[in-house]
Amino acid sequence: MTHSKSICLDNAATTPLSNASKEYLISILNKWGNPSSLHSLGMEAKQIISKARLSVANFINADPEEIYFVPSGSAGNTLAVKGLTSEDPLLNQYEVFYSPTAHKSMAKACESCMYNKKLKVNSVGKIDLTYLDDILPEYHVWTPLVCIEAGNSEIGTINDVIEIGSITHKHNGILAVDATGYIPSYKINMDLWKNYVDLLIFSGHKLHALKGIGVLWKRSGIELNPLIYGTQERSIVGGTENVLGIASLGKAVEEYNYSSISSSDRDYVYHSIIKNIPDSYLIGASIESGDRLPQNLYMCFKGVEGESLMILLDMNGIQVSTGSACNSKSVFVSDTLSAIGLNKKDINSCIRLSFGEMLQETDLDYVCRTLKECVEKLRNLNTQ
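Residues numbered from 1 in each chain as written. Predicted model: local features only at pLDDT ≥ 70, side-chain atom pairs only at ≥ 80, totals over all residues. Heavy atoms only, no water.

## Things to note about the sheet that holds strand E9 (residues 280–282)
The test is simple: DSSP-based pairing: two strands are paired if at least 2 bridges between them are found. Strands are runs of DSSP state E lasting at least two residues, helices are runs of H or I lasting at least four, and both sets are numbered from the N terminus onward.
Read from one edge to the other, the open sheet built from four strands follows the order E9-E10-E15-E12, with strand pairing classed as antiparallel. Two strands lie at the open edges of the sheet, namely E9 and strand E12 (321–322), each paired on one side alone. Bridge count for E12 against strand E15 (residues 350–354) is two bridges, and the pairing is antiparallel. By the bridge assignment, serine 321 is partnered in E15 with arginine 352.

## Focus on the nonpolar core
Burial of nonpolar side chains together is a common tendency in soluble globular proteins. Our working definition: In this description, a nonpolar core means a group of buried Ala, Val, Leu, Ile, Met, Phe, Trp, Tyr and Cys residues linked to one another through side-chain atoms lying within 4.5 Å. Under the scheme applied here, a residue whose accessible area is under 20% of the maximum for its type counts as buried, over 50% as exposed, and between as partly exposed, the area being computed with a 1.4 Å probe on protein chains only. Contacts between residues were defined by any pair of non-hydrogen atoms, one from each residue, lying within 4.5 Å.
Counting residues in hydrophobic clusters, the biggest one holds 64 residues, and the most contacted among them are Ile60, Phe69 and Leu200. The leading source of residues in this core is helix H2 (residues 40–59), at seven residues. Once you skip the residues sitting within four places of it in the chain, leucine 200 turns out to touch Val177, Ala179, Ile188, Met190, Trp193, Val215, Leu216 and Trp217. Counting 29 residues, the second largest nonpolar core, distinct from the first, contains Ile7, Ile273, Met299 and Val375.

## Focus on empty space enclosed by the protein
Applied cut-off: With a 1 Å grid laid over protein atoms only, a set of points is called a cavity when a 1.4 Å probe fits there but cannot get out and a pocket when it is open yet has protein on both sides within 12 Å along at least five of seven lines; lining residues have an atom within 4 Å of a point. Grid points are joined across faces, edges and corners, and a volume is the space filled by probe spheres set on the points. Amino acid classes used here: Ala, Val, Leu, Ile, Met, Phe, Trp, Tyr, Cys and Pro are nonpolar; Asp, Glu, Lys and Arg are charged; the rest, including Gly, are polar.
If you walk through the whole model with that rule in mind, you get one cavity of 30 Å³ or more. The computed volume of the largest cavity comes to approximately 30 Å³. As for the largest cavity, its lining consists of Tyr24, Ile48, Lys51, Ala52, Ser55, Ala247, Gly250, Lys251 and Glu254. Sorting the residues of the lining of the largest cavity by element identifies H2 and helix H8 (243–254) as the ones contributing at least two each. For the lining of the largest cavity, a count of residues per class yields four nonpolar, two polar and three charged.

## Focus on the confidence of the model for the protein chain
Interpretation of the predicted coordinates at a detailed level should be avoided for regions scoring low in pLDDT. Using the following cut-off: Per-residue confidence from the prediction method is given by pLDDT, with values spanning 0 to 100.
For the protein chain, the mean per-residue pLDDT works out to 93, and 96% of the residues sit at or above 70. Residue range residues 324–330 is modelled with pLDDT below 50. Its contacts to residues more than four positions away, or to other chains, number nine contacts.

## Some details on the pattern of salt bridges
Our working rule: A carboxyl oxygen of Asp or Glu within 4 Å of a side-chain nitrogen of Lys or Arg is what we treat as a salt bridge.
Under the definition given, this model contains 15 salt bridges. Between aspartate 10 and arginine 352 there is a salt bridge whose closest N-O contact spans 3.1 Å. A residue pair is termed long-range when its members are at least 10 positions apart, and aspartate 10 in the loop between strand E1 (7–8) and helix H1 (19–27) and arginine 352 in strand E15 qualify at 342 residues. Judged by its relative accessible area of 18%, aspartate 10 falls in the buried class. Of the residues examined, arginine 352 reaches a relative accessible area of 10% and is grouped as buried. The closest approach of N and O atoms between lysine 372 and glutamate 376, which form a salt bridge, is 2.6 Å. Of the two residues, lysine 372 and glutamate 376 both sit in helix H12 (residues 361–383), four residues apart, roughly one turn of that helix. Residue class for lysine 372 comes out partly exposed when judged on its relative accessible area of 28%. A relative accessible area of 37% places glutamate 376 in the partly exposed class.

Okay, here's the thing in structure tokens:
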């Protein structure tokens with residue numbers, strides 16, 4: 001198995017820095033002032049941040065005053081949860097309800113709260129709306145804080161944010177939405193969503209910006225306590241601003257092209273797998289349903305260890321990810337796969353392919369052929 005180039009199918013993990021962002025960053029490298037300084041060097045840096053804030057606001061059709069820059073999507077998720085809740089039962093005002101398939105930064109923040117409860121999801125990972133509507137009124141003493149992901153970047157399933165927001169607000173609750181996995185595929189209009197969403201978070205490096213920068217959108221009237229104290233970002237996110245990270249995000253979203261997002265490569269590989277690799281199946285929402293991120297393909301190959309398949313594919317120039325986070329000492333079962341009730345025998349037999357820029361048909365054919373050969377090789381080893 002040989003191919004002329006490496007093929008990255010792990011774009012849900014991160015994306016390359018855009019050319020426009022690279023060029024812009026090079027042009028401002030000498031603008032090294034502290035944005036809090038009142039002299040000309042500081043004002044230059046402050047202007048860079050203001051320009052990026054306007055670009056991000058335009059990107060999601062929001063008011064620049066509603067945009068806060070945070071160190072990452074995980075930091076934004078943590079701030080959204082812990083900035084509202086309190087460990088002091090005399091001061092706390094919130095009962096936290098959270099998606100069991102949420103990103104760990106959101107799920108762990110919710111689990112750490114004094115009053116928390118997991119929501120239910122169905123077999124493809126969508127929030128159970130009936131359960132949500134039934135459970136929120138039971139906690140009338142506290143304000144419900146509902147925390148979900150708009151789109152699950154692991155299994156690709158999309159939640160109905162507007163319906164969840166409608167139910168949450170019907171019960172006088174607050175909705176926090178992690179949009180990091182969703183926003184690379186779908187344009188968000190906060191002028192519409194602000195009627196349903198109170199806090200929205202996303203990460204820059206999934207949009208061709210630098211790592212280490214994220215965004216928290218906060219609806220007017222929502223008050224957050226800082227996790228890091230300081231005067232920056234209107235005293236919500238302390239610490240000297242990451243000017244280059246912010247600048248890279250502002251430039252990346254200025255040129256982001258949603259018209260280039262397509263499910264065609266994903267569908268091509270999916271149909272080849274189903275046709276040519278027996279005992280394989282899709283996890284998450286079906287590709288026909290419209291409830292799946294268009295560039296996400298999460299597959300189970302029975303009898304194959306996902307990590308071994310990932311390594312073998314990498315040896316052949318194809319980068320994917322697995323459904324379980326592994327290290328040298330132990331294997332942790334994916335919370336998402338457990339939450340949707342995936343067969344325990346299959347839970348470590350999964351890989352995620354997340355597509356980015358459109359590939360040539362020869363590249364796709366190489367992926368399909370190599371994937372088939374690697375699965376067969378691993379299955380043959382398991383039978384020896």
